[in-house]
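Understanding the architecture of this molecule
Single-letter residue listing:
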Amino acid sequence: GNMATQLTSLTLVLPNATVVTASRSENRRIFDAARVGLGALGIVVEVGLKVRKKFKLRRTTVAYNLDELLPALPSLSERYPRLQWYYTPYTNNATLLLREAVDIGTEITGCWPGDLAELAASAQGGNSSCVDWSFKALCHEADDATLYTEMEYFVPVEKSMAFFQEFREFQESVKEEINCTEATKCALFTGMRYAKQDDIYLSPVFGRDIGVISMIVLGTPTQSGPPDVVSVFDKGLEQIAKKYSGRPHWGKLHFARRADLEPLYPRFQDFKAVREELDPNGMFLNDYLWRVLYDE
C-alpha cells in the first residue's frame, strides 16, 4: 500500500480546539478519513506508525529497449515485488528499476552518493547496482537536483498497460508541438510504479491494486519545466485517465473537480460527512478543497 497504510493512530486538533485521537479501535470513522485527509479535517499533531527492524535492499537499474520491456513486464512483476520502470518520451530508451531484499549481513556498497552516476549510466544504456539501508535504496539523493512539474494518475493495475499505450500514442501525436530539448532547458520523463489496495476513504488505491503513470517535465535547478509543455502533456494524460477510472495524486498537479472525483471513490460522501462533523464552519477549506470536494 501507500505510506498512509503505515499509520496506526492520528491525533488531530479540530477547529474548536478539541483534541481527538483516532485509530482502528478508537474513532474509526475519523481514522479512515484522516489517513488521507487532504488537510481538511484538522491539524495533525501526532502520529503512530508501524515500524520494522532495519533492512537492506539491492537497487538495480537495467537499461532496456522499451518495446522489449513492455511484453516482459508480466513475468518481471511476478518475480520482483518492488518493480518500477520509466522511459524517455520520443525514444525507446527505458530503464527497469528493481529493489530486492538482501541478507542483513550483505556488505553496503552505497547508494548515496552515486545517484547521478547511476542516472548517467542508465541514460547511456548501461546498468548499475548498489546495496544500502532500505531508506537509501528506496529513494534517490538527487531527486530534487532539478525542478520539475509532475502529474500522476492511478488506474486499476489490469488497465495500466492499456492506459500507458494510449498515453504513449498521445505523446507521439503531439510531438510537433513539443519543444523540449537541452537548449530549451527542458527534459521529459514517463514512468510506471505499482501499489496494493487499501481501505482508506480517499486513498487513490482504495479497493483496488493500481498502476501509477507519472508524467514529468523537468527544467533546471532554479526553474521548473516550461508551462506550455506541461499543459499539453497533463491535459492529455488526464483526459485519457478518465477512460480508465483514473484517480489523480492529491498532492500533484491535476484539474479534477468534485463531479469528476466523486464517482471514483465509494466512500466520498462518508469522507465529507466526517469533514462536516469535525469542521462544520469550513475553517480548513480552501479553494483547492472546495474544488475537489464540493464544486461542480
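Attention in this report is confined to the structure presented alongside it. Fair warning: this is a prediction, and the values are worked out from it, not measured in the lab.

1. Thoughts on the sheet that holds strand β2 (residues 19–23)
- As summarised here, the arrangement of the three strands in space is β2-β1-β3, forming an open sheet in which the pairing is antiparallel. Across the chains shown, the open sheet's two edge strands, defined by having one partner strand only, are β2 and β3 (43–49). Between one strand axis and the next, the sheet turns by 15 degrees as a mean value, whatever way the strands run.
- Where strand β1 (residues 7–13) and β3 come together, six bridges link them in antiparallel fashion. Along β3, the bridge assignment pairs V13 with I43.

2. Observations regarding unusual backbone geometry
- The phi torsion at N27 lies on the positive side, around 50 degrees, for a residue other than glycine.
- Accessibility expressed as a relative area gives 39% for N27, which makes it partly exposed.
- Phi is positive for L38, which is not a glycine, with a value near 60 degrees.

3. Details of the sheet that holds strand β4 (residues 56–65)
- The eight strands lie next to each other as β7-β4-β6-β5-β9-β10-β8-β11, forming an open sheet whose pairing is antiparallel. Edge positions in the sheet fall to β7 (128–133) and β11 (247–248), since each has one partner strand and no second.
- As paired strands, strand β5 (residues 83–87) and strand β9 (residues 187–195) are joined by three bridges and run antiparallel to one another. Of the residues in β9, the one forming a bridge with Y86 is G191.

4. Remarks on the packing of aromatic side chains
- This structure, assessed with the given rule, holds eight aromatic pairs.
- Note on W112 and F135: the rings are 6.0 Å apart at their centroids and 85 degrees apart in plane angle, and the pair reads as edge-to-face. You can see W112 sitting in the loop between β6 (93–102) and α3 (115–123) and its partner F135 sitting in helix α4 (residues 134–138), a full 23 residues away along the chain.
- Here the aromatic cluster, defined as three or more aromatic residues joined through ring pairs, consists of W85, Y87 and F164.
- Sitting over the face of the ring of W133, K56 holds its NZ or CZ atom 5.0 Å from the ring centroid.

5. Here we look at the pairing of β9
- Judged from the nine bridges that link them, β9 and strand β10 (residues 210–218) form a sheet pairing that is antiparallel. Residue pairing in the sheet places R193 in a bridge with V212 of β10.

6. Some points on the nonpolar core
- In this structure, W85, F163, F233 and L293 are the most contacted members of the largest nonpolar core, which totals 65 residues.
- The element that contributes the greatest number of residues to this core is helix α6 (residues 227–243), accounting for six residues.
- Ignoring sequence-local partners within four residues, the contact set of F163 consists of Y153, V155, I213, L237, I240, A241 and Y244.

7. Describing the pattern of salt bridges
- Counting across every chain of the model gives 16 salt bridges.
- A salt bridge links D199 to R35; the shortest N-O distance between them is 3.4 Å. Here D199 is found in the loop between β9 and β10, whereas its partner R35 is found in the loop between α1 (28–34) and β3, with 164 residues between them in sequence.
- Judged by relative accessible area, which is 32%, D199 ranks as partly exposed.
- For R35, a relative accessible area of 8% puts it in the buried group.
- Taking the shortest distance from any N to any O, the salt bridge between D209 and K196 comes out at 3.8 Å.

8. Notes on helix α5 (residues 160–173)
- The terminal C-alpha atoms of α5, which comprises 14 residues, lie 20 Å apart, in line with the 20 Å expected from a rise of 1.5 Å per residue.
- Those residues of α5 that sit buried are S160, F163, F164, F167, R168, F170 and Q171. Seen from one end, α5 has its buried residues packed into an arc of 160 degrees, which puts them on one side. The exposed set on the far side of α5, more than 90 degrees from its buried face, consists of E169 and S173.
- Among the structural elements, α2 (66–79), β5, β8 (148–156), β9, β10 and α6 are those in contact with the buried residues of α5.

Cut-offs applied
- Residues numbered from 1 in each chain as written.
- Predicted model: local features only at pLDDT ≥ 70, side-chain atom pairs only at ≥ 80, totals over all residues.
- Heavy atoms only, no water.
- Pairing = 2+ DSSP bridges.
- Helix = DSSP H or I, 4+ residues; strand = E, 2+ residues; numbered from the N terminus.
- Axes fitted to C-alpha atoms, helices over the stretch in contact; angles between N-to-C directions.
- Buried < 20%, exposed > 50% of the residue type's maximum accessible area, 1.4 Å probe, protein only.
- Phe/Tyr/Trp six-rings, centres within 6.5 Å; stacked < 30°, edge-to-face > 60°.
- Lys NZ or Arg CZ within 6 Å of the ring centre and 35° of its normal.
- Core = buried A, V, L, I, M, F, W, Y, C linked by side-chain atoms within 4.5 Å.
- Contact = heavy atoms within 4.5 Å.
- Salt bridge = Lys/Arg side-chain N within 4 Å of Asp/Glu carboxyl O.
- Expected span 1.5 Å × (residues − 1).
- Arc of directions from axis to C-beta.

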